[in-house]
Amino acid sequence: MTNRIHLYAFKAVSWLVLLSSGLNSWAQTVPSAGQKPAEATAQQASSPTAVDDGWPDLSNFIDQAYGFLPLAIPITEPAVGLGAVGALAFIDKQNPEAGAGFGRPNISVVGALATDNGSRGLILGDMRYWLDDRLQTLVGAIKTSINLDYYGTGEQGFLNKHPRSYSLDLSGAMAQAKYRIGQSQNWIGLGYILASTSATFNTPFDFPERDRSIQLGGINTTFSHDSRDNIFTPRSGNYLELSVSLFNEALGSDLKFTRLNLIGMQYFPLDAKWSFGLRESISFNYGDAPFYIQPFVLMRGVPAMRYQGEKVAQVEAELRWQFWQRFSLLGFVGAGSAVDEIRQLTQTSNVVAGGAGLRYEVAKKYGIHMGLDVAWSRDGPAAYFQVGSAWMRP
């Protein structure tokens, strides 16, 4: 769940960069009569049109966007319905000359979300770099009430065809520090998570966590490697992260369990116009974790938390073709599997999804592309407005 929260917060910041105050900048693209050269230069620096090709571009505006700015981003997640995130954020100027894996921007965000199924939430987050890019800190807080459906585990169970709706209330905070190993692209990290959770089913349903408030407290250790050429829309490089989270009474948790996550992403530039990406992940839960903390298949076209289990594996491939100027087309396909063991019986759910998307390179200096993805699975179609990669990781 915390990874999902980080993703929404990070995409909210990206949306902010692209959408805020665009009309004011657009109105200043042509210097007025009698304008001084210095004033014209300043207006050119904030122009939303690129100097090299004349296409609409927000790179110069991003360079000057110091301060909190407003943002509205749509939510199209099938599990919670249609809605939006409203946010204020601050983003530092990025160093475009930094090598792959270096020179990431500092980002802060505060926002609220709401969807048409009654889900609500507040989020706070800050990602910052210190000590000449050797130390990264990440802190965040969240308070949400999310309405979801529980499908159980396996494809043969009663709940798979007759899900039970419930409300998940979550209030929590996390803090994490990551330290770069030498001058490499490798990091080691340590963090702490504390959250209060409660699941309330809207229909009679005999379940251990029903209407029960549970406090979760645990430490998270990570090792990561990041050689991507860009965090928004990478074309080359790799991202690898191994994390182990331990929850027990000594750390402030009512339940004792362990979560292990391994995620890998590889990006290959095939030529100047074509690029290929792969994303793989494996997640395991061991111990007495509540059902809503179980891993789930997270992929375009698959509703969040629809396929859950103690063990989840998935893989997704994406091919992108920048076919004309700043426009690109992409196709993607993936498969996921969730496995659970109940009374020594193995319950398995498998799902395949795929789709296509259109992108426009809205900030060439930063390598930010945005557009729309349409995906299908056996659960039906879904649309996603994307800023940057669908696999974005800060």
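Every chain begins its residue count from 1, and numbering advances along the sequence as written. With pLDDT at 70 or above as the cut-off, local features in this predicted model cover only qualifying residues; side-chain atom pairs require 80 or more to be listed or tallied, and sums for whole chains, interfaces and linings still use all residues. Working from all heavy atoms in the structure, the side-chain values ignore hydrogens and water.

### Description of the confidence of the model for the protein chain
Then, number 1: When pLDDT is averaged along the protein chain, the result is 82; 78% of the residues meet or exceed 70.
Then, number 2: The secondary-structure element of the protein chain with the lowest mean pLDDT is helix 2 (residues 22-26), recorded at 31, while strand 10 (residues 257-269) shows the highest, at 97.
Then, number 3: Summary of the metric used: pLDDT quantifies the predictor's per-residue confidence within the range 0 to 100. In what follows, residue pairs with any heavy atoms lying within 4.5 Å of each other are defined as contacts. The low-confidence segment residues 1-45 (pLDDT under 50) makes 88 contacts with residues lying over four places distant or belonging to another chain. Only DSSP runs of H or I with at least four residues qualify as helices, and only runs of E with at least two residues qualify as strands; both kinds are numbered from the N terminus onward.

### Structural notes on the environment of G354
Then, number 1: One can find G354 in strand 14 (residues 345-363).
Then, number 2: The exposure class assigned to G354 is buried, which follows from its relative accessible area of 16%.
Then, number 3: C-alpha of G354 to C-alpha of E316: the two residues are 38 residues apart in sequence and 8.7 Å apart in space.
Then, number 4: The contacts of G354, once residues within four sequence positions are left out, are F332, V333, V374, A375 and W376. Relative accessible area decides the class of each residue, using a 1.4 Å probe on protein chains only: under 20% of the type maximum gives buried, over 50% gives exposed, and in between gives partly exposed.

### So, the pattern of salt bridges
Between side chains of opposite charge, pairing is possible as soon as their charged atoms come close.
Then, number 1: Whenever a carboxyl oxygen of Asp or Glu lies within 4 Å of a side-chain nitrogen of Lys or Arg, that contact is scored as a salt bridge. Enumeration according to the criterion identifies 10 salt bridges in this entry.
Then, number 2: One salt bridge in this structure joins R326 and D57, with 2.6 Å as the shortest N-O distance. One end of the pair, R326, is in the loop between strand 12 (311-324) and strand 13 (327-342); the other, D57, is in the loop between helix 3 (37-45) and helix 4 (59-64), and 269 residues separate them in sequence.
Then, number 3: Accessibility expressed as a relative area gives 2% for R326, which makes it buried.
Then, number 4: Three or more residues are tied together by salt bridges with common partners; here these are R300, E316, E318, R359 and D373.

### A look at the pairing of strand 11 (residues 274-287)
Where a strand is regular, its side chains alternate between the two sheet faces.
Then, number 1: One bridge is not enough; two strands pair if DSSP finds at least two bridges between them. Looking at chain direction, strand 10 and strand 11 are connected through 13 bridges and run antiparallel. Within strand 11, the position partnered with P269 by the bridge is S275.
Then, number 2: If you look at the hairpin formed by strand 10 and strand 11, you'll find four residues sitting between the two strands.
Then, number 3: Bridge count for strand 11 against strand 12 is 11 bridges, and the pairing is antiparallel. Bridge pairing in strand 12 places I282 opposite A313.

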